[in-house]
Every structure is written in structure tokens, then in C-alpha cells.
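# Chain and residue survey
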Amino acid sequence: MKKFLSLIALILLISFSTASAERLDPVTDEAKLLKAQEIKQLNQKIRDVEQAHKVKIGVVFVKSIGNSDMVTASNDLVDQYFSNGVNGGIVLLVAMDKRKYEISGNSRIGERITDYDGIPFLKESFQSDLSAGNYYGAANNFVDGVDELLTYYETNGVAYGQRKPGEFDPIAAVVAAVTAIILGVFIRSWLIGAMSNIHHAMAATDYLKKKSVKITENRDTFLFMNVQRRAKSSGRSRSGGGHGGGGHVGGGGSF
């Protein structure tokens, strides 16, 4: 019986250790930038937002990420510790040695916070505080920004920056107007050509009365040709771009 109880205790200990290794508090401050009370307040605030939106949120300050790049490190944090939210997970990673930060979210939260509008919104919310050394303010504003973007999605049914169903789209209106003009010009030209008493002339001489002008010389004089060559554009790019592959969204920058 003793051996049996010891075996059960060992199994429970191993299970507890494994579960603990897979858990991470919302706020991790390896760089020692925050006070204990600030960490406690942030953890509570994040848990409230997580519960309200069924997501996972992480804020991680580290002294160094070693030889890893910021995108890989932040993606790994999401996948390992913050991917089990019903509606996804998102992480803010700050590396003090590189003076860089990276936001990373998995594909589920990417439906609610997009690369093109949501991530730039988050950057703007905390960038100035991070640059000024107000690390608690930066983390606090990041959490507020995530909360605001998720609330927007749940209220409007679309991510921030996207148009609601049936909402006026000025680009579509311009395209429709240009299409209508081109179609109108084509129809007008066809109607004029279909008239019995008006026809397009094939050449300028068709407008002259016969035998009223006599051409005595037919000569073309070529003066010059000016050729300009321009380098082909490589296309537009976004600064602090998204992660691209792997089903992650996000972006980063320096401070």
C-alpha cells in the first residue's frame, strides 16, 4: 500500500511540474524594470481582459534574447504559453539589449487584430512611453489597446480599420464612377457611328471638297526622337511589417 501511495504521489508531482512548466504569468519581468506592485496590478488587469474576451495576453521584458531574432522569439512565446485562448493569444516582447520590441499574435487573434490596422494602433498606444522609459505605462497602454481593439471587433463584427457590411466605400464609388464614364463614352461613340447622316472620316483629306485642293508634294520630315528610361519600381512596403508565414500576425520596432 505504501509503494502504491508513493507511486501515486510521484505521478501527481510529475503532472504538477509539467503543468507548471507550461504556465506563465501574463507579465514576465526578467529585466527587473517593474515594481512588484506594478506587476501585480498588470497581472490582474490582464486576467480581467482575458476573461472578458476569452484570449491570452502576455507582456515580457527580457535583458536579452541571445542570438534569436525578435520575430522568432515572440512567436515562440505565443505558441508555447499563450496559444490556448478561445479567441487567440497575443504577446508584447521587449528586449532591452537590442532596444527593440515585437508584438506577435496567433491566427485566431489575427481575425480580430490585423497586421495593417490593429498592430499599428497598438504600437502608437505604447511607443512613446516605452521610449521615455515608462515601462509600466507602456505595458498598461498595450493591454488597454488590446482591450479596445477586441471590444471594437465584438461590437462591430469586423476588425478595427475594416468596413462594416453595407458601409459606404469611397474607393468602390470612384471605381463605379470611372466605369460609368468609360461606358458612357463607348455608348455615345457607338450611337454617333450608327447615325445614317454622320460618319467618321478615315483621313483628313476626306473633309475636303474634291478638286478644291491639289497636293503637289508628298514628303515626311523626321526631326528627332527623345527617349527617357526610368528604373522600374520594386513596389510598396510597410515599415515594421508583419510576420508573413506561420499563421502569425504582428510587427515590431525600436525604442
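Details of the structure are given in the entry above.
Not measured: the values here are computed from a predicted model.

So, about the overall build of the protein. For the protein, the count of helices and strands is seven helices and five strands. Reading the secondary structure of the protein in the N-to-C direction produces α-β-α-β-α-β-β-α-α-α-α-β. Within the protein, the proportion of its 255 residues that are buried is 30%. Counting only contacts in the protein whose residues sit at least 6 apart along the sequence, the fraction spanning at least 24 positions is 67%. Element-wise, carbon and sulfur atoms account for 56% of the exposed surface of the protein, whose accessible area totals about 17700 Å².

Soluble globular proteins tend to bury their nonpolar side chains together. Of all hydrophobic cores here, the largest spans 32 residues; its most connected members are Phe-61, Ile-90, Ile-113, Leu-122, Leu-130 and Phe-142. Of all the secondary-structure elements, those providing two or more residues to this core are helix H2 (36-53), strand S2 (56-62), strand S3 (89-95), strand S4 (100-105), helix H5 (118-131) and helix H6 (135-156). Considering each element in turn, this core owes the most residues, eight residues, to H6. When neighbours within four sequence positions are excluded, Ile-90 is seen to be in contact with Lys-56, Ile-57, Gly-58, Ile-103, Ser-104, Gly-105, Ile-109, Ile-113, Leu-122, Phe-142 and Val-146. Residues Ile-65, Met-70, Val-78 and Leu-93 belong to the second largest nonpolar core, which totals eleven residues.

A separate point is H2. With 18 residues, H2 should cover 26 Å at 1.5 Å per step; its first-to-last C-alpha distance of 26 Å lies within 8% of that length. Of the surrounding secondary structure, the elements contacted by the buried residues of H2 are strand S1 (27-29), S2 and H6. At the exit of H2 stands Lys-54, carrying a positive phi of roughly 55°.

Between H5 and H6, the least distance of the axes is 8 Å, while the angle of their chain directions is 160°. Judged on the interaxial angle alone, H6 and H5 are roughly antiparallel. Relative to H6, the crossing made by H5 is right-handed. Packed against H5, whose contacting residues are Gly-118, Phe-121, Leu-122, Ser-125, Phe-126, Asp-129 and Leu-130, the element H6 presents Tyr-135, Gly-137, Ala-138, Asn-141, Phe-142, Gly-145, Val-146, Glu-148 and Leu-149 at the interface. Its residues assigned to classes, the contact of H5 with H6 shows nine nonpolar, five polar and two charged.

A few words on helix H3 (residues 70-81). For an α-helix the count is 3.6 residues per turn, leaving residues at separations of three or four pointing the same way. Its twelve residues give H3 an end-to-end C-alpha distance of 16 Å, which sits within 8% of 16 Å, the value for a rise of 1.5 Å per residue. Looking only at H3, the buried set comprises Met-70, Ala-73, Ser-74, Asn-75, Leu-77 and Val-78. Residues of H3 that are buried sit in contact with S2, S3 and S4.

Turning our attention to the sheet that holds strand S5 (residues 249-254). Through backbone hydrogen bonds, the strands of a sheet pair up, either in parallel or in antiparallel fashion. Overall, mixed pairing links the five strands, which are arranged S1-S2-S3-S4-S5 in an open sheet. Of all strands in the sheet, those with a lone pairing partner are S1 and S5, marking the two edges. Mean inter-strand twist for the sheet, computed between neighbouring axes without regard to direction, equals 10°. The pairing of S1 with S2 spans three bridges and is parallel.

A separate point is the pattern of salt bridges. One pass over the full model with this rule turns up three salt bridges. Among the salt bridges present, the one from Arg-47 reaches Asp-25, with a minimum N-O distance of 3.5 Å. Pair noted here: Arg-47 is in helix H2 and Asp-25 is in the loop between helix H1 (2-22) and S1, with a separation of 22 residues, a long-range link. Its salt-bridge partner being Glu-111, residue Arg-112 comes within 3.6 Å of it at the nearest N-O pair.

Turning our eyes to something else, we now look at the side chain of Asn-106. Examined against the element boundaries, Asn-106 turns out to sit in the loop between S4 and helix H4 (107-110). Leaving out residues up to four positions away in the same chain, Asn-106 has contacts with Val-78, Phe-82, Ser-83, Gly-88, Gly-89, Gly-247, His-248 and Val-249.

Looking at where Asn-134 falls in the secondary structure, it is placed in the loop between H5 and H6. Residue classification places Asn-134 among the partly exposed residues on the basis of a relative accessible area of 35%. Considering only alpha carbons, one finds Asn-134 and Leu-33, 101 residues apart in sequence, at a separation of 9.2 Å.

Tracing the sequence through the fold places Val-146 in helix H6. Distance in space between the C-alpha atoms of Val-146 and Glu-50 is 9.9 Å, their sequence separation being 96 residues. Leaving out residues up to four positions away in the same chain, Val-146 has contacts with Ile-57, Ile-90, Ile-113 and Leu-122.

What counts, and where the lines are drawn
- Residues numbered from 1 in each chain as written.
- Predicted model: local features only at pLDDT ≥ 70, side-chain atom pairs only at ≥ 80, totals over all residues.
- Heavy atoms only, no water.
- Helix = DSSP H or I, 4+ residues; strand = E, 2+ residues; numbered from the N terminus.
- Buried < 20%, exposed > 50% of the residue type's maximum accessible area, 1.4 Å probe, protein only.
- Contact = heavy atoms within 4.5 Å.
- Areas by Shrake-Rupley, 256 points an atom, 1.4 Å probe, with all protein chains shown as cover.
- Core = buried A, V, L, I, M, F, W, Y, C linked by side-chain atoms within 4.5 Å.
- Expected span 1.5 Å × (residues − 1).
- Axes fitted to C-alpha atoms, helices over the stretch in contact; angles between N-to-C directions.
- Parallel < 35°, antiparallel > 145°, perpendicular 65-115°, else oblique.
- Left-handed = near helix turned anticlockwise from the far one by under 90°.
- Nonpolar A, V, L, I, M, F, W, Y, C, P; charged D, E, K, R; others polar.
- Pairing = 2+ DSSP bridges.
- Salt bridge = Lys/Arg side-chain N within 4 Å of Asp/Glu carboxyl O.

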